[in-house]
Amino acid sequence: MEATRSVESVPTHEAAASSPQRKRVKFSRILLHATIIFFCIVVVLPVAWVILMSIKSIPDAYTGELFPRHYDFTHYRYVFEKMPNVLQNFANSIIVTFSTVVITCTIAVLAGYALVHLRLPGKVLVLSLLVGSLFFPTRIVSLIGIWEIQNAIGLINTRIGLILPYVTLNLALSILIMKGVFETISHEIVEAAKIDGASSWRTLWQIMVPLAINGVVVLIIVNFVTAWGEYLLAYTLTNDQSVRTLPVVLATTFGGFGEWAWPRLAAIYIMAILPGILGFAIAQQWYMKGLSEGALKF
Amino acid sequence: MASTSSTVTSASARRWRPSRILNLGVNWVYLVPALFFFVAYMLYPLLQVVYISFTDYRYLSREPATFIGLKNFADALADPIFLQGMLRAATFTALFLPGVIFIPLFLAVLVDRVENPRLATLYRVILLIPAVIPGPMIFVLWRWMYDFEIGPINSILVNYLHLFTPRNAPQWIGDTPLALPGVAIMSWWWGLGYHTMFFLAGLAAIPREMFEAARVDGANEWQMFWRVTVPRLRPMFLILVVLRFGTAMAVIDEFLIMGGLNRGMPTYTWTVYMWHLAFGLGNWPQGYAASIGWLGAAAMLIVVAALFYIFRDRD
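Not measured: the values here are computed from a predicted model.

Q: Tell me about the overall build of chain A, and name the residues and values.
A: Helix and strand counts for chain A come out as 16 helices and zero strands. For chain A, the residues scored as buried account for 42% of the 298 residues in total. If you take every contact in chain A between residues at least 6 apart in sequence, the share linking residues at least 24 apart comes to 74%.

Q: Could you give an account of the overall build of chain B, with specific residues and numbers?
A: Looking only at helices and strands, chain B has 15 helices and zero strands in total. For 315 residues, the compact-globule estimate of 2.2 N^0.38 gives 20 Å, and the C-alpha radius of gyration of chain B, at 26 Å, exceeds that figure by more than 25%. Taking the principal axes of its C-alpha atoms as reference, chain B extends roughly 70 × 65 × 35 Å. With 315 residues in all, chain B has 39% of them scored as buried. Considering only intrachain contacts with a sequence separation of at least 6, the fraction spanning at least 24 residues in chain B is 66%.

Q: Outline the domain arrangement of chain A, listing residues and values.
A: Residues and elements named next belong to chain A. In terms of domains, chain A is made up of domain 1 (2-54) and domain 2 (76-295). Opposite the four residues of domain 1 that make contact, domain 2 presents six residues. In terms of residue class, the side of domain 1 that touches domain 2 is made up of three nonpolar, one polar and no charged.

Q: Account for the nonpolar core, naming residues and giving values.
A: In this structure, Ala111(A), Ile221(A) and Ile292(B) are the most contacted members of the largest nonpolar core, which totals 160 residues. Formed jointly, this core draws a minimum of three residues from each of two domains, domain 1 (2-54) and domain 2 (76-295) of chain A. The residues contacting Ile221(A), other than those within four sequence positions of it, are Gly279(A), Phe280(A), Ala283(A), Tyr287(A) and Val132(B).

Q: Any chance you could break down the packing of helix H5 (residues 84-117) of chain A against helix H13 (residues 213-229) of chain A for me, citing the residues and the numbers?
A: A pair of packed helices is characterised by two quantities: the angle between their axes and the separation of those axes. Residues and elements named next belong to chain A. Taken N-terminus to C-terminus, the directions of H5 and H13 make an angle of 140°; their axes are 9 Å apart at the nearest point. Here H13 runs oblique to H5, going by the angle between their axes. Both H5 and H13 take part in a crossing whose hand is right-handed. Contacts between H5 and H13 involve Ser 93, Val 96, Thr 97, Thr 100, Val 101, Thr 104, Cys 105, Ala 108 and Val 109 on the former and, on the latter, Val 216, Leu 219, Ile 220, Asn 223, Phe 224, Ala 227 and Trp 228. The residue makeup of the contact of H5 with H13, split by class, is 11 nonpolar, five polar and no charged.

Q: Break down the environment of Pro285(B) for me, with residues and values.
A: Residues and elements named next belong to chain B. Relative to the elements of secondary structure, Pro 285 occurs in the loop between helix H14 (270-279) and helix H15 (286-310). Judged by local crowding, Pro 285 falls into the buried class, with 21 C-beta atoms found within 10 Å. Note: C-alpha distance between Pro 285 and Ser 53 (232 residues apart in sequence) is 9.9 Å.

Q: Give a detailed account of the confidence of the model for chain B, specifying residues and quantitative values.
A: Residue and element names in this part refer to chain B. In the predicted model, chain B carries a mean pLDDT of 86, and 91% of its residues have values of at least 70. This stretch, residues 1-14, has a pLDDT under 50; its non-local contacts, to residues over four places away or in other chains, come to eight contacts. The ipTM for the predicted assembly is 0.83, set against a pTM of 0.84.

Conventions adopted
Residues numbered from 1 in each chain as written. Chains lettered and ligands numbered in written order. Predicted model: local features only at pLDDT ≥ 70, side-chain atom pairs only at ≥ 80, totals over all residues. Helix = DSSP H or I, 4+ residues; strand = E, 2+ residues; numbered from the N terminus. Buried ≥ 20, exposed ≤ 12 C-beta atoms within 10 Å, placed from the backbone. Contact = placed C-beta atoms within 7 Å. Rg over C-alpha atoms; globule rule 2.2 N^0.38 Å. Domains from an automatic or database assignment. Nonpolar A, V, L, I, M, F, W, Y, C, P; charged D, E, K, R; others polar. Core = buried A, V, L, I, M, F, W, Y, C linked by C-beta atoms within 7 Å. Axes fitted to C-alpha atoms, helices over the stretch in contact; angles between N-to-C directions. Parallel < 35°, antiparallel > 145°, perpendicular 65-115°, else oblique. Left-handed = near helix turned anticlockwise from the far one by under 90°. pLDDT = per-residue confidence, 0-100.

If you want it as structure tokens, here you go:
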């Protein structure tokens, strides 16, 4: 008990460096960090393994040894130069994801703002429907219906046919996130802008969105991750390899020899997860602020 | 402050009186795009699925669909593949739920104690790495991790720890009892960072004075955890248990990617069966598949209602 109790008050004990208590403090702090670091390593290892796989020489990839005898850094170039289909799938993913993120975020900002700062008859009904849809497996149940619609209007095997249902995937969550973010902004700012003669539209884009920018970053990342990796709809609504997105191609490819050798698959994989990880690394500070500003408290 | 703002509101409301009713309606313009997508790609498909679940609609059949009432639902309830699929989904949920709630809670309590702000941020960022990798990409990654030939997990077990030989090494995916635990472990890994952040936000909302007071009263860490932290995080537990129950029972991408369309596999749950019926089996009996989708969803909603009842405020 003594040891754990002093964990929080370590700085005050700094002076008593030689006391036995200090030793126990040190031990429990080491244990604390060691446990967290253990989890961090567990989190990083699988990703590190794919990176390692993507720079192994092809024979070494099949030995079952973790570390290769020879490294081969040419797999990435091979994908770019010799696998034009994969580049096409890459482009599909970019087009579909970009459109989905832009449309979803715009809609969610509009709706979140109206739900918090504008007078809206029927607000409670809208909110309960949004929250209710989170607890219902709409993705599974509506799948056949979505396929029927896209089939009826000829959107099977098209990129736009993916974008439209993708917007709905995260829309309820996105609106609730934006609602949480806008709730942290004082309503008096809206009132003040109104008195100054600003329309609700101008107030939103010139005053509210800049104030809610951390939340918007969370929104962009959440929607990017969903759209970039979406599998079920893409697998169901497309069967033409040239309009398929990267996750479907990776999931339906089983590693073997030849063009789809393991290290090349791993290189494609790294290229596919890199945009998300880089984007997150760049936007990390806004993302963390956004999370603490209410983006998680829906 | 509050009184001034309310007088301002009423003053401006009075000034705009003639068009006040119109104004209220005009604000709905902000919700029109959202409603369009909800109606077109959520509400309408759901209703259409309701409709075809009462018919013998088969996509590849030339005969027109006829209304057959509740026959699909009666058939499904007597269909051993559907019932076994529900049981498999429930087994997976039971394996998955404890790990995705308690491991992140434990980790959040630890990370919450890190005093160095830079280190605290670094830990959070590292733990969040899986959260920015899309789910299906995680499943592809773990299908490779579990691979019998080249997967690093068996490589470590056989070549480094010498716990197994290539002959008796565990098979993690496919027709094996380890298939569902394997997917559960993967899902813990995937959700670890995100749920830790969730609990950290909850821990940050607990006033520090509560811990101080408990400490003064002589409570140790263990008692403080159970008497202060856990009761305070109760609403969060409810949301997480219900949300994760919903995702776990309705899992499909994981099972399609790591299992495939083989009836014998433990990963062939009711969702995979529904997909297989609608887009692959026979002449695509989508009417029957639709009824299975609704039955699965209804079963889930009953359990969700029960969970809300269990976690209700008892005061």
